[in-house]
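# Tertiary structure, described
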Amino acid sequence: MATLMPGNQSAAKPRRRWRFAFIAIYFTKVLDSLPKRIVKKSIPEMSTGSYVSIQIQNANKDDNSGHDELVLSFDNVDQRMLIDMVRDKDYERLHQFGGAKQLAELLQTEEKHGINGDEADLIRRRNVFGSNEYTKPPRKGFLSFVLEASKDTTIIILLICAALSLGFGIKEEGPREGWYDGGSIIVAIVLIVAVSSISNFRQSGQFRKFSNESSDIRVQVVRQGRRQPVSIFGLVVGDIVFLNIGDQVPADGLFLEGHSLKVDESSMTGESDPVEINEKDNRFLFSGTKVSDGFGTMLVTSVGMNTAWGEMMSSIRRDLDEQTPLQARLDKLASTIGKLGLAVAVMVLVVLFIRYFTGNIEDDSGKKEFNGSKTRIDDLMNSIVHLVSAAVTVLVIAIPEGLPMAVTLTLAYSMRRMMTDQALVRKLSACETMGSVTTICTDKTGTLTLNKMKVVEFWLENEVVKDETYRGIAPNVVELLKQGVGLNTTGSVCKQPSMSVPEISGSPTEAAILTWAVVDLGMDIDKQKLSFEILRVEAFNSQKKRSGVLVNRVTDKTIHMHWKGAAEIILAMCSHCYHKSGIVEVMSDEKRVHFGGIIRGMAAKSLRCIAFAYKQTQQEKLEETGMILLGLVGLKDPCRPSVRRAVEACRDAGVNVKMITGDNIFTAKAIAMECGILKPDEDFNNAVVEGVTFRNYSHNERMDKIDVIRVMARSSPFDKLLMVQSLKKKGHVVAVTGDGTNDAPALKEADIGLSMGIQGTEVAKESSDIVILDDNFASVVTVLKWGRCVYNNLQKFIQFQLTINVAALGINFVAAIASGKVPLTAVQLLWVNLIQDTFAALALATEQPTNDLLSKPPVGRSKPLITNIMWRNLISQALFQISVLLILQYKGRSIFGINEKVNNTLIFNTFVLCQVFNEFNARNMDKKNKFFFKGLLKNRLFVGIIGITIALQVMMVEFLEKFANTERLDWGQWGVCVGLAALSWPIDWLVKCLPVSAK
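Residues numbered from 1 in each chain as written. Predicted model: local features only at pLDDT ≥ 70, side-chain atom pairs only at ≥ 80, totals over all residues. Heavy atoms only, no water.

Our next topic: the overall build of the protein chain. On a plain count of helices and strands, the protein chain comes out with 35 helices and 28 strands. A burial count over the protein chain gives 53% of its 999 residues as buried. Of the contacts made within the protein chain by residues no fewer than 6 positions apart, 72% connect residues no fewer than 24 positions apart. Summed over its atoms, the accessible surface of the protein chain is roughly 43900 Å², and 56% of this surface lies on carbon and sulfur atoms. (Helix = DSSP H or I, 4+ residues; strand = E, 2+ residues; numbered from the N terminus. Buried < 20%, exposed > 50% of the residue type's maximum accessible area, 1.4 Å probe, protein only. Contact = heavy atoms within 4.5 Å. Areas by Shrake-Rupley, 256 points an atom, 1.4 Å probe, with all protein chains shown as cover.)

With that settled, consider the pattern of salt bridges. Under the definition given, this model contains 33 salt bridges. In this structure, R87 engages D84 in a salt bridge whose closest nitrogen and oxygen atoms are separated by 3.2 Å. One end of the pair is R87 and the other is D84, both in helix α2 (residues 79-87) and three residues apart, which spans about a single turn. We classify R87 as partly exposed; its relative accessible area is 36%. (Salt bridge = Lys/Arg side-chain N within 4 Å of Asp/Glu carboxyl O.)

With that settled, the discussion passes to the sheet that holds strand β11 (residues 439-442). The eight strands lie next to each other as β10-β28-β27-β26-β11-β23-β25-β24, forming an open sheet whose pairing is mixed. Where the open sheet ends on each side, the last strands, each with one partner, are β10 (423-425) and β24 (688-690). Adjacent strand axes in the sheet meet at a mean angle of 20 degrees when their direction is disregarded. Seen against the sheet, helix α25 (residues 717-729) touches β11, β23 (656-660), β25 (711-713) and β26 (734-738) and runs at an angle of roughly 165 degrees to β26. (Pairing = 2+ DSSP bridges. Axes fitted to C-alpha atoms, helices over the stretch in contact; angles between N-to-C directions.)

Turning next to the packing of helix α31 (residues 900-922) against helix α32 (residues 940-958). Interaxial distance between α31 and α32 falls to 11 Å at its minimum, and their mutual angle equals 180 degrees. By the angle between their directions, the pair α31 and α32 is classed as roughly antiparallel. Contacts between α31 and α32 involve T905, F908, N909, V912, V916, E919 and F920 from the first element and F942, I946, T949, I950, Q953, M956 and V957 from the second. (Parallel < 35°, antiparallel > 145°, perpendicular 65-115°, else oblique.)

Further remarks concern helix α28 (residues 777-819). Structurally, the α-helix is built with 3.6 residues per turn, so residues lying three or four positions apart point the same way. The end-to-end C-alpha distance of α28 is 63 Å, a good match for the 63 Å that 43 residues give at a rise of 1.5 Å each. Buried residues dominate α28, accounting for 36 of its 43 residues. For α28, the N-terminal capping position is held by N776, with its side-chain oxygen 3.0 Å away from the main-chain nitrogen of A778. (Expected span 1.5 Å × (residues − 1). Polar contact = N/O pair within 3.5 Å; in protein donor to acceptor, adjacent residues only side chain to side chain.)

Now for the pairing of strand β19 (residues 574-578). In this structure, β19 lies alongside strand β22 (residues 627-636), joined through three bridges in parallel fashion. Counted as the bridge partner of H576 is I628 from β22. Strand direction decides the pairing type here: β19 and strand β20 (residues 584-586), joined by three bridges, are antiparallel. Considered in β20, the bridge of C577 is made with E585.

Another aspect to go through is the environment of T301. Along the polypeptide, T301 turns up in strand β9 (residues 290-302). Separated by 62 residues in sequence, T301 and D239 have C-alpha atoms that sit 8.3 Å apart.

Moving on, we come to the packing of α28 against helix α30 (residues 868-896). Contact geometry of α28 with α30 gives a least axis separation of 8 Å together with a crossing angle of 35 degrees. In the crossing of α28 with α30, the sense of the turn from one axis to the other is right-handed. Grouping the amino acids of the contact of α28 with α30 by side-chain chemistry returns 15 nonpolar, nine polar and no charged. (Left-handed = near helix turned anticlockwise from the far one by under 90°. Nonpolar A, V, L, I, M, F, W, Y, C, P; charged D, E, K, R; others polar.)

A word on the packing of aromatic side chains. As enumerated under the stated definition, the model contains 13 aromatic pairs in all. On the numbers, 6.2 Å between centres and 25 degrees between planes, the contact of W516 with F612 is stacked. Residue W516 is found in helix α16 (residues 508-519), and its partner F612 is found in strand β21 (residues 607-617); the two are separated by 96 residues along the sequence. Taken individually, W516 and F612 each receive the classification buried, so the pair is uniform in this respect. Members of the aromatic cluster, joined through ring pairs, are F917, F920, F942 and W985. (Phe/Tyr/Trp six-rings, centres within 6.5 Å; stacked < 30°, edge-to-face > 60°.)

Moving on to the side chain of T803. Looking at the element boundaries, T803 is found in helix α28. Judged by its relative accessible area of 0%, T803 falls in the buried class. Other than its neighbours up to four places away in sequence, T803 contacts L874, Q877, A878, Q881 and N918.

Turning next to the confidence of the model for the protein chain. Confidence along the protein chain averages 81 in pLDDT terms, with 84% of residues attaining 70 or more. This model gives residues 1-16 a pLDDT under 50, and the stretch forms 16 contacts once residues within four places in sequence are excluded. Low pLDDT (under 50) marks residues 315-320, which in the prediction has five contacts with non-local residues, meaning those over four places away or in another chain. (pLDDT = per-residue confidence, 0-100.)

Moving on, we get to the environment of G486. Inspection of the secondary structure puts G486 in helix α15 (residues 475-486). Judged by its relative accessible area of 0%, G486 falls in the buried class. Sequence separation of G486 and D526 is 40 residues, and the distance between their C-alpha atoms is 8.3 Å. With residues up to four places along the chain from it excluded, the contact list for G486 reads M523, I525 and K529.

With that out of the way, let us pick up α16. With 12 residues, α16 ought to run about 16 Å at 1.5 Å a step, and its terminal C-alpha atoms sit 16 Å apart, in line with that. Counting buried positions over the 12 residues of α16 gives 10, a clear majority of the element. Every buried residue of α16 is listed here: P508, T509, E510, A511, A512, I513, L514, W516, A517 and V518.

This next bit is on unusual backbone geometry. In most cases, non-glycine residues show a negative phi, while peptide bonds are predominantly trans. In the Ramachandran plot, S260 falls in the positive-phi region, its phi being about 55 degrees despite a non-glycine side chain. A residue is classified by how much of its surface remains accessible, and S260, at 32% relative accessible area, is partly exposed. Its identity is not glycine, yet Q422 carries a phi of approximately 70 degrees, on the positive side. Turning to its location among the elements, Q422 is positioned in the loop between α13 (402-420) and β10.

Here β11 shows a buried face lined by T439 and C441 and a second buried face lined by I440 and T442. Across three bridges, β11 lies against β26 in parallel orientation. Across the sheet, T439 pairs through a bridge with V734, a residue of β26. Pairing of β11 with β23 involves four bridges; the strand directions are parallel. Bridge pairing in β23 places C441 opposite K658.

Checked against the element boundaries, E847 lands in the loop between α29 (826-844) and α30. Residue E847 is classed as buried on the basis of its relative accessible area, which comes to 5%. At a separation of 2.6 Å, a polar atom in the side chain of E847 contacts the side chain of R923. Leave out the neighbours within four places in its chain, and E847 touches Y413, C789, N793, K796, R923, N939 and F942.

Before going further, it helps to examine the environment of F97. Its location among the elements puts F97 in the loop between α3 (91-96) and α4 (100-106). For the pair F97 and L82, spaced 15 residues apart in the sequence, the C-alpha separation amounts to 9.7 Å.

See below:
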C-alpha cells in the first residue's frame, strides 16, 4: 500500500488526482477478484488471470515537483475487456479505465507523439495483443483439384473402358502383353488429370496472392512524434491513427479528437445512415467501417481477430473462384460443342455397332471379328469395349475442356504482368472488359498531372507578392494568413531536432499550402494551435469545394472564422478585402471583377487557385457571408511527361478520353490543351462544359452532346455519375478513374472502375475493379492494352482448339462410316487433347500485348466471340487437315508402300505436326504468315512449349510404340509428315488474302 499511497498528499496537479483514482479502482477490483480466483485455481496460476493488472513502479523523481512518477504496464491488460468494451459500446468499462486518454497512457501511448514504435516495442505489443491480420480459410488442397478433374463424365467413362480393356487384355494375352491397351489409356488419363490439376492449383494460389495484395492498404499513424504511413498489417494496439474522408477504419478503437467525423457502419450493422463519432455520445470505432465525413484520430485497442470485424470474418469464407462474363460465354460455347461432339460420338458408336454385328469389321489378320454364335463371349465383350472406347474418345476430343483453363491461365498471367505494369486487378472480369472500353472518363489531379503541388503565385488585393516583397505586408495580415493555414488544415508539420527542414504531411494541396506558410510566412503551426481553441470545423469535400474553421482565441476569448477553398466560391462569400497595408476595404463591383480576372489569369496558366477569407464574429456558428478576402494563391501541378502520348494512343485505338475535374473552366481548358485532350482548332463551346450546365441539360440535349464533350469543369460527383450513365445509355463501354469517396457511385456504375493507388481513398478502391498503383494515366492505357491482349489471346486459342475439334471429329466420323475403323486411337486422341488443352493454352494465352492492339477499334459489347476472320481461318485449316488425313487413310499404303500400322502412325504423326505448325498461324489471326515469327523470341514460353511438344511427339512415335500403338518411322517418313504439316503455312497465307466482312 506504500507504493499506492505516496507520502506526499499535495494534489497540486489534476493529472495526479485522476491517476490515483484510476489506480484505486483497479486495485480494489483486483483485491475483490482474488478470493474467487484462489478457489478456482491454484496459487501459481493467479498471476495469469484474465483481469487488468496494473504494475506500478517507482520512476525517477521529477526535478520540478519532487513527486514519484508512476509507470503503468500493459503486459497483463485483459484483452477481452478491451474487445467487449468497443464491441458493446460500453461506456461503463471505458470509465473504469479512466477514459480514453487514461487508457492511452495505460497502453504507453502519448496522444500527440504516439507509441515508441521501435522494433522491440512493436514485437512486445504483438506478443501481448496480437497482430492486425485475419485468420484466412485454409487453402484448397491439391487433391481437391485432382478430384474435381477426375469427376468429368467423359474421364469416368474412359476409365471404365480402360479398366475393362485392361481386364480383357490381361485375360487374353497375359499380364506381360495384355495391359498395353487399357494401361495406355489409364496413363494418358492420369497425365491429363495431373497437368490440369497442377495448372489449376497454381492459378488458385496466384489468385489468393493477388487477393492478399489488394487487402494491404496504407494507414497514417504517429510514432515517435512523426506522422508516417504503415501497412494495415503492421498496426498494433496503442497506435494513434489519422482518419480522413474515405479511409477504412483499420482496427477497433476509440475516438480521441477530430471534427464532424461520421462513419458508415453498414458493413457491420447493415444500417446505411452514417454514425456520428464524438467525445460525448459515441467514441467507439469498428474495424472495416468507412469514414464518410470529417476527420479525426483514434486509439487502436484491438487488432486482427480480436476485432468485431475479425470475429465476423472468421465465419466467412471468401470465394476466390469468381467466374467472369467471358468464362460464362466460353462455358456455354464448350457446352454447345460438347453436345455436338456427343451427337457425333453416338452416331460413330451406332455405325460401329452396325458394322460389327453385320460382320463388316475385320481384325488385323483380315478375319471377321463377329461370327454370330461362334464368337466367344470374351472376344465379344473385348470388341464392344474397344468400340465404346473409340466413340468415347471422339467425345473427349470434341469437348473443348481447354477453354475454361485457357481463360484461367490468361487471366492469371495478365494479372501478374499487370501488377508489374502498375495495375492491381481486384475483379477478374475487369481484365477482359477493359478490352471493350470505348470511352475513358479521367480525373485531372494526379492522373493527368504529377500531383506535386507547389505555390507559385500569391496575390494580395491587386498585387502579386514576390519573395522580396513579403516583408512589406502588414503584420496583422501575415498573422491572419498563418491562422487561416495552420488552423484550417488536415495536414501536419513535424519538427524533429535531427531535421533542419520540418516534415510536412497531408494531401498534395494541403502540403503545398503548409510548405508555403512555413517557408515564406514563417508560420509555427504548434503556436497557432496552442493560441486557439477549435469550436467547429467544416471539412473539405468535393461538393462544397471549401473548408472552414471556427476558433476561440485563448487570450481574449474572441471568436474568429477562417474559410479556404476554390477561389471563385470564396470570392462570392466576401464583402470586403484586405489591403497590403492591413486596411480593410469594401469589395466593390470593380474590385470583384478585377479579382475574377486574376483567378482566370492563373487558371489560364494551369494553376489551381485557392482563396483565404476571414471574419471575426460573436456567434458560435460558421457563416458564409460578409467575409474578408485575405489573399489568393496559385498552385502548379505539372502534367505528366507521358500523358500526351498516352492520350494520342487512346485516340488511335478508337477510345475517347474525357476529362472530368473540379477545377474551374479556365484551368480545365489549359490542362486539357496541354494533355492533348483538346485540340487548338476544336470548338470549345461544345467541347467544354461546366457541371451545372451539363446537369441542367434536358435528356435529349445531353444525349445529343455527350459524344462531343471533351472536358467537364467544376463538376460534382453527381455530374460524373450522370456522365457515366448517359454514355452507357448511348452504347459506350465506359471506364472511369476516381480517387475520392464521392467518386464511388461513378466507379460502381462504370463498366470498369479505375481507382488511384496513391491518392485514392479506401472507399474508392473498394468500389473499383482495378487499382492504378502509380496514379498515372499512362498506366490506364497499359491496362487498356492488356484488356485487349486477354481477349485477343483467348480468340487465338479458340481458333486453334476448334480447328483440332473439327478436324478430329471429321476424320474419325468419315473413317468410321466408311471403313468401320477410326485411324486415331484413344491414347493418340488423348495425347492430342493434352496438346490442345494444356500446352497450347500456355503457349497462346501468355502472349504479351503489342502496340498493334491499339491500332484496332474496340471490341464492343455485343461483338461475337468467334469472328468471321476466325471462322475463315479455322475452317480452311480443318478442311486441309481432314483432306490430308483421309488421303493417307485410304491411299497412304499404296502411295508409300507401307503396312497399315505404319500408315496409322503417319496419320497420327502428321495430325500432331499440323497442330504444331497451326500454332504459329494462330499467333496472328488477321495478318499473313510473315508476321507469325514477329516477337517470337519475346515469348520464350511459346518457343519452349513448341520444343517440348515436338520432343514428346518423337518419344511417342519412336520409343513408346506399345503405349501409343505406333510404329517407328524412318527419316523419309518423318520428312513426309513434316512436309505435309508445313503446307498449313502457305495455305494460311493464301486464305488470309481473302477479304472477310467484319460484321
